[in-house]
Amino acid sequence: MPHPIMFRDDDLGLAQVREIALGFPEAFEKVSWGRPVFCAPKMFTMYGGSAKTDTKGQYLQYPHSVLVKVDDSERRALEADRRFYYPAYMGPSGWLGLDLTAGKIDWAEVRELIDASFRMVAPKKLVKRLDVG
C-alpha cells in the first residue's frame, strides 16, 4: 500500500527548500513515504517529518520541516535548539528535523544544513564539484 501524499506544492518553505536542494550537483527530487525527498543519488534532504510521542503508535507531525543528516560534532548544539526535533525512523541514522514554523526562517542556515547533509551522503566526486565550482 503506497503512502498518501503528505504535502502540497504551496506548503510553507517547500519552494525554497526545493530551490536550495536542486541546486546541488546531480540532485533530483522524488516522492518517498508521501513526502518530497532530495537525492544525489542518496537522500540528503526531506521536506516534512514526524517524531514519536510517549504514546506507542502516536506521532507528532512536523509537516513544514526540513530533515537533514547531521555530523556528530554538531548534534548536541542542534538538539539544544527548540526548533529541532528527533525524527521518527530517521533519527537513529543521524538525522534531525528543523521545524520551519518554530520561528523566523533563516534561509542561510537552512542552506548550510542542507549543504552539510549533502556533503555527508553524496559521492566524493559530487562533493568535489561543490568545492571547485
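Analysis parameters
- Residues numbered from 1 in each chain as written.
- Predicted model: local features only at pLDDT ≥ 70, side-chain atom pairs only at ≥ 80, totals over all residues.
- Heavy atoms only, no water.
- Helix = DSSP H or I, 4+ residues; strand = E, 2+ residues; numbered from the N terminus.
- Rg over C-alpha atoms; globule rule 2.2 N^0.38 Å.
- Buried < 20%, exposed > 50% of the residue type's maximum accessible area, 1.4 Å probe, protein only.
- Contact = heavy atoms within 4.5 Å.
- Areas by Shrake-Rupley, 256 points an atom, 1.4 Å probe, with all protein chains shown as cover.
- Axes fitted to C-alpha atoms, helices over the stretch in contact; angles between N-to-C directions.
- Parallel < 35°, antiparallel > 145°, perpendicular 65-115°, else oblique.
- Left-handed = near helix turned anticlockwise from the far one by under 90°.
- Pairing = 2+ DSSP bridges.
- Core = buried A, V, L, I, M, F, W, Y, C linked by side-chain atoms within 4.5 Å.

Caption draft 1: View of the overall build of the protein chain. Along the backbone of the protein chain there are four helices and six strands. Each helix and strand of the protein chain, ordered N terminal to C terminal, gives the series α-β-β-β-β-α-β-β-α-α. Compactness check: the protein chain gives a C-alpha radius of gyration of 14 Å against a globular reference of 14 Å for 133 residues, within 12% of the reference. Projected onto its principal axes, the C-alpha positions of the protein chain cover 50 × 35 × 30 Å. Classification of the 133 residues of the protein chain by burial places 47% in the buried group. In the protein chain, the share of contacts with a sequence separation of at least 24, taken over all contacts with a separation of at least 6, comes to 49%. Counting only carbon and sulfur atoms, one obtains 54% of the accessible surface of the protein chain, whose full area is about 7900 Å².

Caption draft 2: The arrangement of the packing of helix α1 (residues 14-21) against helix α3 (residues 107-121) in detail. Between α1 and α3, the shortest axis-to-axis distance is 10 Å and the interhelical angle comes to 45°. With respect to α3, the element α1 is oriented oblique. Pair α1 / α3 crosses with right-handed handedness. Residues Gln16, Val17, Ile20 and Ala21 of α1 touch α3, and the partners they reach there are Trp107, Val110, Arg111 and Ile114.

Caption draft 3: Structural context of the pairing of strand β4 (residues 59-69). The pairing of strand β3 (residues 43-52) with β4 spans seven bridges and is classified as antiparallel. Following the sheet pairing, Tyr47 is matched in β4 by Val66. Here β4 runs beside strand β6 (residues 95-99); their pairing, made up of five bridges, is antiparallel. Residue Leu67 lies in a different strand from β6, and its bridge partner there is Gly97.

Caption draft 4: Structural detail: the nonpolar core. Counting 28 residues, the largest nonpolar core has Phe24, Phe44, Leu100, Val110, Ile114 and Phe118 as the members making the most contacts within it. Looking at this core, the elements with two or more residues in it are α1, β3, β4, β6, α3 and α4 (124-132). At five residues, α3 tops the list of elements feeding residues into this core. With 10 residues, the next largest nonpolar core counts Val37, Ala51, Leu67 and Trp95 among its residues.

Structural measurements only, silent on function.
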